[in-house]
Each structure stands twice: as C-alpha cells, then as structure tokens.
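Coordinate inspection notes
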Amino acid sequence: MNKYIELVDKLVDAQKAKDTEEITKVTQDLMVVSQDVAKIDLTKLTKEQAEKLAAIGKKYQEALMAN
C-alpha cells in the first residue's frame, strides 16, 4: 500500500509539472502495483495508511481538476 501511495504522489507531481515521460513511467509502475493493491483487504489498513490513502486521493483529484 505504501508503494502505491508513493507512486500516486509521484504521478500527481509529474502531472503538475506536465512531465509526460515521468507520467508514462509512473503510470506503468502503478499498473503493476495496482494488481497487488486490489488484493488488499482495505478494512485491514492501519489508521496511518488510510489517512495517507485519503490524502493522496484528494491530492490526485485536485491535480486532475487543475489540468
């Protein structure tokens, strides 16, 4: 889960910078990690992980809306 959060954060930064090469690279990495994340029981996340996931989701939405 932490790797997923880290990659989404990198994706947001790349989108803000409009760095298409980095966006492509991070998106590919995310597709691989997302397969593992899909298997995680979200009810078993630590409070810290849940907070980070919510924060990064909000940051991602804001970045999409800014573009």
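You'll find the structure just up there.
Residues numbered from 1 in each chain as written. Predicted model: local features only at pLDDT ≥ 70, side-chain atom pairs only at ≥ 80, totals over all residues. Heavy atoms only, no water.

1. Brief notes about the packing of helix H1 (residues 2-17) against helix H3 (residues 47-66)
Interhelical geometry of H1 versus H3 gives an angle of 20° and a closest axis separation of 10 Å. It follows from the interaxial angle that H1 and H3 lie roughly parallel. Of the two elements, H1 crosses H3, and the hand of that crossing is left-handed. Contacts between H1 and H3 involve Asn2, Tyr4, Ile5, Val8, Asp9, Leu11, Val12, Asp13, Gln15 and Lys16 on the former and, on the latter, Gln49, Lys52, Leu53, Ile56, Lys59, Tyr60, Ala63 and Leu64. Looking at side-chain class alone, the contact of H1 with H3 contains ten nonpolar, three polar and five charged residues. (Axes fitted to C-alpha atoms, helices over the stretch in contact; angles between N-to-C directions. Helix = DSSP H or I, 4+ residues; strand = E, 2+ residues; numbered from the N terminus. Parallel < 35°, antiparallel > 145°, perpendicular 65-115°, else oblique. Left-handed = near helix turned anticlockwise from the far one by under 90°. Contact = heavy atoms within 4.5 Å. Nonpolar A, V, L, I, M, F, W, Y, C, P; charged D, E, K, R; others polar.)

2. Some details on the pattern of salt bridges
One pass over the structure, following the stated rule, counts six salt bridges. For the salt bridge of Asp13 with Lys59, the shortest nitrogen-to-oxygen distance reads 3.9 Å. Of this pair, Asp13 sits in helix H1 while Lys59 is found in helix H3, placing the two residues 46 residues apart along the sequence. Judged by relative accessible area, which is 40%, Asp13 ranks as partly exposed. Close ionic contact of Lys52 with Glu48 constitutes a salt bridge, the shortest N to O distance being 3.7 Å. Of this pair, Lys52 and Glu48 both sit in helix H3, separated by four residues, roughly a single helical turn. Since its relative accessible area comes to 38%, Lys52 is described here as partly exposed. (Salt bridge = Lys/Arg side-chain N within 4 Å of Asp/Glu carboxyl O. Buried < 20%, exposed > 50% of the residue type's maximum accessible area, 1.4 Å probe, protein only.)

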